[in-house]
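# Tertiary structure, described
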Amino acid sequence: MTQILFSAQKKYLESFRKKEDELILEMERYASENKVPILNWHAADLIEKLIIINKPDRVLEIGTAIAYTTIRIAKCLRKDSMIHSIEKSEDNIKIALENIEKSGVSKKIKLIQGDALSVMPQLGKKYDFIFLDADKEDYKRRFAYTM
């Protein structure tokens, strides 16, 4: 048996998915078609729940990609809360900015261009919630900057 879930089980689990807005679904399609790694919707739902429960004022995301998780987090933040997201890929930044502009929550998002290992020491800000989702090989070094 090579599958963990059979199609009937997968369909059943997907029936619990909340109705997403068109931008989120469009981003998922884009990521799938263009092989852009984004968080799967199950994990993104969990992140949203953590944001709603913890009510952070300041969120840091390390690894924006096309801003899929950035936007999902921003939509769950309270009115005056912010998410800062760091991305080093110029190609991703262009797409992320377009998606952020379409999102309706652009005022809650600050996109920072650069390598997180260079940017993080300069931030000098405290964050209530940090989501580390960048290149896996430097996780340990990036994590050290979050302390």
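Reading the values: the criteria
Residues numbered from 1 in each chain as written. Predicted model: local features only at pLDDT ≥ 70, side-chain atom pairs only at ≥ 80, totals over all residues. Heavy atoms only, no water. Phe/Tyr/Trp six-rings, centres within 6.5 Å; stacked < 30°, edge-to-face > 60°. Lys NZ or Arg CZ within 6 Å of the ring centre and 35° of its normal. Pairing = 2+ DSSP bridges. Helix = DSSP H or I, 4+ residues; strand = E, 2+ residues; numbered from the N terminus. Right-handed = clockwise from strand over helix to strand, strands pointing away. Axes fitted to C-alpha atoms, helices over the stretch in contact; angles between N-to-C directions. Left-handed = near helix turned anticlockwise from the far one by under 90°. Contact = heavy atoms within 4.5 Å. Nonpolar A, V, L, I, M, F, W, Y, C, P; charged D, E, K, R; others polar. Core = buried A, V, L, I, M, F, W, Y, C linked by side-chain atoms within 4.5 Å. Buried < 20%, exposed > 50% of the residue type's maximum accessible area, 1.4 Å probe, protein only. Salt bridge = Lys/Arg side-chain N within 4 Å of Asp/Glu carboxyl O. Patch = residues over 30% accessible without salt bridge, like charges linked within 9 Å, V, L, I, M, F, W, Y side chains within 5 Å. Areas by Shrake-Rupley, 256 points an atom, 1.4 Å probe, with all protein chains shown as cover.

## Some points on the packing of aromatic side chains
In total, this model carries 0 aromatic pairs according to the counting rule given. Looking at Arg58, its charged tip hangs above the ring of Tyr127, at a distance of 4.9 Å from the centre.

## Side note on the pairing of strand 3 (residues 109–113)
Direction of pairing for strand 2 (residues 82–87) relative to strand 3: parallel, over a ladder of 5 bridges. Looking at the pairing, Ile86 lines up with Ile112 of strand 3. For the crossover from strand 2 across helix 5 (residues 90–103) to strand 3, the handedness is right-handed.

## Observations regarding the packing of helix 3 (residues 41–54) against helix 4 (residues 68–76)
Where helix 3 meets helix 4, the axes come as close as 9 Å, and the angle between the chain directions of the two elements is 30°. The chirality of how helix 3 crosses helix 4 is right-handed. Taken together, the residues of helix 4 that come into contact with helix 3 (itself represented by Trp41, Ala44, Asp45, Ile47, Glu48, Ile51 and Ile52) are Tyr68, Thr69, Arg72, Ile73 and Cys76. Class assignment of the residues belonging to the contact of helix 3 with helix 4 gives a composition of 8 nonpolar, 1 polar and 3 charged.

## Re the side chain of Thr64
With respect to the element layout, Thr64 can be found in the loop between strand 1 (58–62) and helix 4. Dropping the residues within four chain positions of it, Thr64 is found in contact with Thr70, Ser85, Ile86, Glu87, Ala96 and Leu111.

## Some words on the nonpolar core
Counting 28 residues, the largest nonpolar core has Ile51 and Ile71 as the members making the most contacts within it. For this core, the secondary structure elements donating two or more residues are helix 2 (22–34), helix 3, helix 4, helix 5 and strand 4 (129–132). For this core, the element with the most residues is helix 4, which contributes 5 residues. Among residues more than four places away in sequence, those in contact with Ile51 are Pro56, Val59, Ile73, Cys76, Leu77 and Phe129. Ile62, Ala116, Leu123 and Ala134 belong to the second largest nonpolar core, which has 11 residues in total.

## A short note on the pattern of salt bridges
Should their charged atoms come close, side chains of opposite charge can pair. In total, this model carries 7 salt bridges according to the counting rule given. For Arg72, the salt bridge is made with Asp45, and the minimal N-O distance between the two is 2.4 Å. Taken together, the residues Arg72 in helix 4 and Asp45 in helix 3 connect sequence positions 27 residues apart. Each member of the pair, Arg72 together with Asp45, is buried.

## Focus: a nonpolar patch on the surface
Together, Ile4, Leu5, Tyr12, Leu13 and Phe16 make up a nonpolar patch on the protein surface, roughly 580 Å² of accessible area in all. By relative accessible area, Ile4 is classed as exposed at 77%.

## Some points on the pairing of strand 1
Burial analysis of strand 1 places 4 of its 5 residues in the buried class, the great majority of the element. Where strand 1 lies against strand 2, 5 bridges are found, and the strand directions are parallel. Paired with Ile62 across the strands is Ile86, a residue of strand 2. Considered for its hand, the β-α-β crossover made up of strand 1, helix 4 and strand 2 is right-handed. Examined bridge by bridge, strand 1 and strand 4 share 4 bridges and lie parallel to one another. By the bridge assignment for strand 4, Ile62 is matched with Leu132.

Keep in mind these values describe shape, not function.
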